[in-house]
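Residue-level structure breakdown
Below, each chain spelled out in residue letters.
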Amino acid sequence: MGTTKECAVMFADLRGSTALYLRLGNKEAATVVTHSLAMLGQIVAKGGGRVVKTLGDGLMAVFDDAERSVEAAASAQDSLERLAPLPRDGLPSKATALKMKVALAWGEIVEVDSDCFGDAVNVAARLIDLAGDNETLATGPLIRELPSDQQERFRSIDRLHLRGRKEPVPVLRMESRKFGDTESTMMMGAESTDMPDGVRLTWLGTERIFSTASMPLTLGRSPQASFCVSDARVSRSHVRIESHSGHIYLSDLSYNGTHVKFDHDDQILTLRRGTCTLHGSGVICMGSPPTDTTATQIHFEVLSFSDTLPQW
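Keep in mind the model is a prediction, meaning the values are calculated, not measured.

Criteria and cut-off values
- Within each chain, residues carry numbers counting from 1 in the order of the written sequence.
- Owing to the predicted nature of the model, reporting of local features is limited to residues with pLDDT of at least 70; listing and counting of side-chain atom pairs is limited to 80 or more, with chain, interface and lining totals taken over all residues.
- Calculation of side-chain values draws on the structure's entire complement of heavy atoms; hydrogens and water are dropped beforehand.
- Accessibility here uses a 1.4 Å probe with only protein chains present; expressed as a share of the type maximum, an area under 20% marks a residue as buried, one over 50% as exposed, and anything in between as partly exposed.
- In DSSP terms, a helix is any run of H or I states spanning at least four residues, a strand is any run of E spanning at least two, and both are numbered starting from the N terminus.
- As used here, the arc belongs to the directions running from the helix axis to the C-beta atoms.
- By definition in these notes, contact holds between two residues if any of their heavy atoms fall within 4.5 Å.
- Counted as salt bridges are all cases of a side-chain nitrogen of Lys or Arg within 4 Å of a carboxyl oxygen of Asp or Glu.
- By nonpolar core we mean a set of buried residues, namely Ala, Val, Leu, Ile, Met, Phe, Trp, Tyr and Cys, connected to one another through side-chain atoms within 4.5 Å.
- Surface patches are defined over residues having more than 30% relative accessible area and no salt bridge, joining like charges when they lie within 9 Å and nonpolar side chains (Val, Leu, Ile, Met, Phe, Trp, Tyr) when within 5 Å.
- Accessible areas in this description were obtained via Shrake-Rupley with a 1.4 Å probe; residue shielding takes into account the shown protein chains only.
- Only four residue types enter the tally: Lys and Arg on the positive side, Asp and Glu on the negative side; His and the chain ends are excluded.
- Every charge is mapped onto a representative atom, which is NZ of Lys, CZ of Arg, CG of Asp or CD of Glu.
- Working definition: a ring pair exists when centres of Phe, Tyr or Trp rings (six-membered ring for Trp) sit within 6.5 Å. Plane angles under 30 degrees give stacked, over 60 give edge-to-face, the rest tilted.
- Any two strands with at least two DSSP bridges between them are considered paired.
- A residue's pLDDT is simply how confident the predictor is in it, with values from 0 to 100.
- As a rule, the C-alpha atoms of each element are fitted with a line to give its axis, helices using only the stretch in contact, and angles between N-to-C directions run from 0 to 180 degrees.
- A clockwise turn of the near helix away from the far one marks a right-handed crossing, whereas an anticlockwise turn of less than a right angle marks a left-handed crossing.
- Following the grouping adopted for this structure description, the nonpolar residues are Ala, Val, Leu, Ile, Met, Phe, Trp, Tyr, Cys and Pro, the charged ones are Asp, Glu, Lys and Arg, and the polar ones are all others, Gly among them.

1. Some points on helix α1 (residues 17-24)
Side chains three or four residues apart in an α-helix point the same way, a direct result of the helix having 3.6 residues per turn. Those residues of α1 not exposed but buried are S17, L20 and L24. Across the axial projection of α1, the buried residues extend over an arc of 50°, all falling on one side. Residues of α1 that are exposed and point over 90 degrees away from its buried face: T18 and L22. Residues of α1 that are buried sit in contact with β1 (3-15) and α2 (26-46). G25 lies just past α1 and shows a positive phi near 95°.

2. Considerations on the pattern of salt bridges
Counted under the stated rule, the structure contains 14 salt bridges. The salt bridge involving R200 is made with E207; its shortest N-O contact spans 3.4 Å. Residue classification places R200 among the partly exposed residues on the basis of a relative accessible area of 21%. It is possible to trace a salt-bridge network through shared partners that takes in E135, R155, R173, E175, R240 and E242.

3. Description of the nonpolar core
Counting residues in each nonpolar core, the largest one holds 36 residues, and the members touching the most others are M10, L14, L40, M100, L104, L142 and F154. Broken down by secondary-structure element, the contributors of at least two residues to this core are β1, α1, α2, β3 (58-63), α3 (66-82), β4 (99-112), α5 (140-144) and β8 (169-174). In terms of residues, this core owes the most to one element, α2, which gives eight residues. If we skip the residues at most four places from it in the chain, L14 touches V33, S36, L37, L40, D57, G58, L80, L98, K99 and M100.

4. A look at a negative patch on the surface
Side chains of E6, D65, E71, E108 and E145 sit close together on the surface and give a patch of like negative charge. For D65, a relative accessible area of 36% puts it in the partly exposed group.

5. Side note on helix α4 (residues 119-127)
Among all positions of α4, only A120, V121, V123, A124, A125 and L127 are buried. In this structure, the buried residues of α4 make contact with β1, β3, β4, β5 (115-117), β6 (135-139) and β8.

6. A few points about the side chain of S235
Inspection of the secondary structure puts S235 in the loop between β12 (227-228) and β13 (239-244). Look past the residues within four positions of S235 in its chain and what remains in contact with it is G220, R221, S254 and Y255.

7. Thoughts on the packing of aromatic side chains
In this structure the tally under the stated criterion is one aromatic pair. A centroid spacing of 5.8 Å and a plane angle of 90° characterise the contact between F262 and F300, whose relative ring orientation is edge-to-face. With F262 in strand β15 (residues 258-262) and F300 in strand β19 (residues 296-303), the pair connects residues that are 38 residues apart, well separated along the chain. Overall, the relative accessible area of 6% leaves F262 in the buried class. For F300, a relative accessible area of 0% corresponds to the buried category.

8. Structural notes on the sheet that holds strand β14 (residues 247-252)
Spatial ordering of the open sheet is given by β12-β11-β13-β14-β17, a layout of five strands whose pairing is mixed. The open sheet has two edge strands, β12 and β17 (275-278), and neither has a second partner. For strand β11 (residues 217-220) and β12, the ladder comprises two bridges, and the chain directions are parallel. Its bridge partner lying in β12, L219 is registered against F227.

9. A few points about the confidence of the model for the chain
Confidence in the prediction of the chain, expressed as mean pLDDT, is 82, and 85% of residues score 70 or more. Within the chain, the element-level pLDDT minimum falls on helix α7 (residues 305-308), averaging 51, and the maximum on strand β9 (residues 198-203), averaging 96. Here residues 85-96 scores under 50 on pLDDT; set against residues more than four positions off or in separate chains, the count is 16 contacts. Every residue in residues 307-312 is under pLDDT 50, and counting partners more than four places away or in other chains gives two contacts.

10. With respect to the sheet that holds β15
Strands sit in the order β10-β9-β19-β18-β15-β16 across an open sheet of six strands; the sheet is antiparallel. Sheet topology places β10 (206-211) and β16 (268-271) at the edges, where each strand pairs with a single neighbour. The mean inter-strand angle of the sheet, taken between neighbouring strand axes irrespective of direction, is 25°. As paired elements, β9 and β19 share five bridges and run antiparallel to each other. Its bridge partner lying in β19, V199 is registered against V302.

11. So, the packing of α1 against α2
Between α1 and α2, the shortest axis-to-axis distance is 7 Å and the interhelical angle comes to 145°. Our pair here, α1 against α2, has a crossing hand that is right-handed. Of the residues in α2, those in contact with S17, L20, Y21 and L24 of α1 are N26, E28, A29, A30, V32 and V33. The residue inventory of the contact of α1 with α2, partitioned by class, reads seven nonpolar, two polar and one charged.

Written as structure tokens, this is what we have:
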């Protein structure tokens, strides 16, 4: 029989190791990955947690205290940003830097022979699949275990459907100084005098306007999505759109990726669990690029109050 208790479960996964091996070679890349995993293990131990097991380029850990798990996640993200391979062939080290995603869940687990099982483990394992690079996601139950000042570090995303669970799970993202390392698509020299107040989405004759007050919103195949799209290539929760610090951001949550093309710009921005800034107007293609004539293409237009005021 195992020991049952409530605790915080952390999954951390390093991203970019494949490119690292191609760029640096096996020996140097293995050194960087091993060093990074060892650093994560030290941070977990220092925070009072226990590494349950390593999983390829990641690890699973448990903490008796939810606040300590959050502190460890933040410390791990900050430490990894400072850890980068040495420059080689004149290229900057950032070209081969690793990224990390983290998932935190709180709930009952069962410890058996140093391993852990239970609903919290399953939720954290599914949640890590939805996290983007340099992003930490946490469940609502874990946030409720935190003191109020720690709760303020998190921003609600939505109730997301996780594989294997019938009911959606409330998910929040830990904010950082750089809002999740978003990739800005603002055009250099473009003037922006109006703060965005919403976004208009149009698809197959359906048009809806969402204000920033109603965000975050999700686009996907799920009937519970804010903007439902019936296409087998589209994930149940495929895209998240949210407002933060005077900008509107789009984040890909899918398995097949999201492609964004801005009007008057030939470049197609491909996101795979990444984030970009929405501005002006264009199309959001979910599951297939705009070059695919059968792709689901949702036209978007970022709105400000001045767009809807009468012009005299």
